[in-house]
Amino acid sequence: MSEPLYRIVGYRPEHRAAWKALNEAWLHEGGFRIEDKDRKVLGDPEGQVLSQGGHIFIVEREDGTAAGCCALMAMDDGLGFEVAKMTISPEARGGGLAMRLLEACEARARAVGAHRLYLETSSTLGPALALYARFGFVHLPPQPTPYARADVWMEKRL
């Protein structure tokens, strides 16, 4: 049997349940609690991300099921986007899909004239930190955050 093919697509309303489930799964896997900000963004991606000028990308298998996701959340300064809620389901990891998601995020951000990508993460997420560094993110000093788990701040200038 051949490996499944994946494509990155823009969020559609039928992705809502998968968006929430994929994100809740990585939070639980990482040993994190679901915080108030998580509940807002996961429960209302249209209102909390898309209607605010952001974008959501979904990794779909060839059969249309979601295997990953990532959001670009418009930042208040109007100059960039926060890369948020990025995950690849365990069975789809290791094939470069996370890098493809970051490439899609950067391409969209550049297309709309953004000056930077920003993210907040946890120092316990070693593979994610390595991915971000390979992609050109650099560390920032601590920033205000709504997340108890966030202890690493990074950006990539575009």
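Basis of the calculations
- Residues numbered from 1 in each chain as written.
- Predicted model: local features only at pLDDT ≥ 70, side-chain atom pairs only at ≥ 80, totals over all residues.
- Heavy atoms only, no water.
- Disulfide = S-S within 2.5 Å.
- Buried < 20%, exposed > 50% of the residue type's maximum accessible area, 1.4 Å probe, protein only.
- Helix = DSSP H or I, 4+ residues; strand = E, 2+ residues; numbered from the N terminus.
- Pairing = 2+ DSSP bridges.
- 1 Å grid on protein atoms, 1.4 Å probe; cavity = no way out; pocket = protein on both sides within 12 Å on 5 of 7 lines; lining within 4 Å.
- Points joined across faces, edges and corners; volume = space filled by probe spheres on them.
- Nonpolar A, V, L, I, M, F, W, Y, C, P; charged D, E, K, R; others polar.
- Core = buried A, V, L, I, M, F, W, Y, C linked by side-chain atoms within 4.5 Å.
- Contact = heavy atoms within 4.5 Å.
- Expected span 1.5 Å × (residues − 1).
- Axes fitted to C-alpha atoms, helices over the stretch in contact; angles between N-to-C directions.

Enquirer: For the state of the cysteines, give the residues involved together with the corresponding values.
Expert: The tally for this structure, following the rule as stated, stands at zero disulfides. Free of any disulfide, C70 has its nearest cysteine sulfur in C105, 3.6 Å distant. Of the residues examined, C70 reaches a relative accessible area of 0% and is grouped as buried.

Enquirer: A description of the pairing of strand β2 (residues 55-61) should follow, citing residues and the corresponding values.
Expert: Counting buried positions over the seven residues of β2 gives seven, a clear majority of the element. What you see with β2 is no split at all: H55, F57, V59 and R61 on one side and I56, I58 and E60 on the other are buried throughout. Inspection of the sheet shows strand β1 (residues 6-10) paired to β2 by five bridges, in the antiparallel sense. From the neighbouring strand, V9 faces β2, where its bridge partner is I58. In sequence, β2 turns back onto strand β3 (residues 66-74) through a hairpin of four residues, with G64 there showing a positive phi of about 95 degrees.

Enquirer: Describe the layout of surface pockets, listing the residues and the values that go with them.
Expert: In this structure, the largest pocket occupies an estimated 1200 Å³ of space. Taken together, 45 residues form the lining of the largest pocket, with W26, A84, K85, M86 and Y132 sitting closest to its centre. Secondary-structure elements contributing two or more residues to the lining of the largest pocket are α1 (16-29), β3, β4 (80-88), α4 (97-111), β5 (116-121) and α5 (126-134). Per-element accounting of the lining of the largest pocket gives the leading share, seven residues, to β4. Looking at the lining of the largest pocket residue by residue, the class counts come to 22 nonpolar, 12 polar and 11 charged.

Enquirer: How would you explain the nonpolar core if you had to name every residue and give the values?
Expert: V83, M86, L102, Y132 and F137 are the most contacted members of the largest nonpolar core, which totals 29 residues. Put simply, the parts of the chain that give this core at least two residues each are β2, β3, β4, α4, β5, α5 and β7 (152-157). In terms of residues, this core owes the most to one element, α4, which gives seven residues. Those residues within four positions of V83 in sequence are excluded, and the remaining contacts are C70, A71, L72, L102, L117, Y118, L119 and F137. L22, W26, V41 and I58 belong to the second largest nonpolar core, which has 18 residues in total.

Enquirer: Outline α1, supporting the account with residue identities and numerical values.
Expert: Over its 14 residues, α1 extends 20 Å from the first C-alpha to the last, a length consistent with the 20 Å expected when each residue adds 1.5 Å. Of the surrounding elements, those touching the buried residues of α1 are α2 (36-43), α3 (45-48), β2, β3 and β4. G31 lies just past α1 and shows a positive phi near 80 degrees.

Enquirer: Just give me the short version of unusual backbone geometry, but keep the residues and values in it.
Expert: With a phi angle near 55 degrees, K85 is a residue other than glycine that sits in the positive phi range. Secondary-structure assignment places K85 in strand β4. The exposure class assigned to K85 is buried, which follows from its relative accessible area of 7%.

Enquirer: Report on the sheet that holds β2, specifying residues and quantitative values.
Expert: Hydrogen bonding along the main chain pairs the strands of a sheet, whether they run parallel or antiparallel. Pairing in this open sheet of seven strands is mixed, and the strands run β1-β2-β3-β4-β5-β7-β6 from one edge to the other. The sheet is open, and its two edges are formed by β1 and β6 (138-140), each paired on a single side. For this sheet, the mean inter-axis angle between neighbouring strands, taken without regard to orientation, is 30 degrees. One ladder, built from three bridges, connects β6 with β7; its direction is antiparallel.

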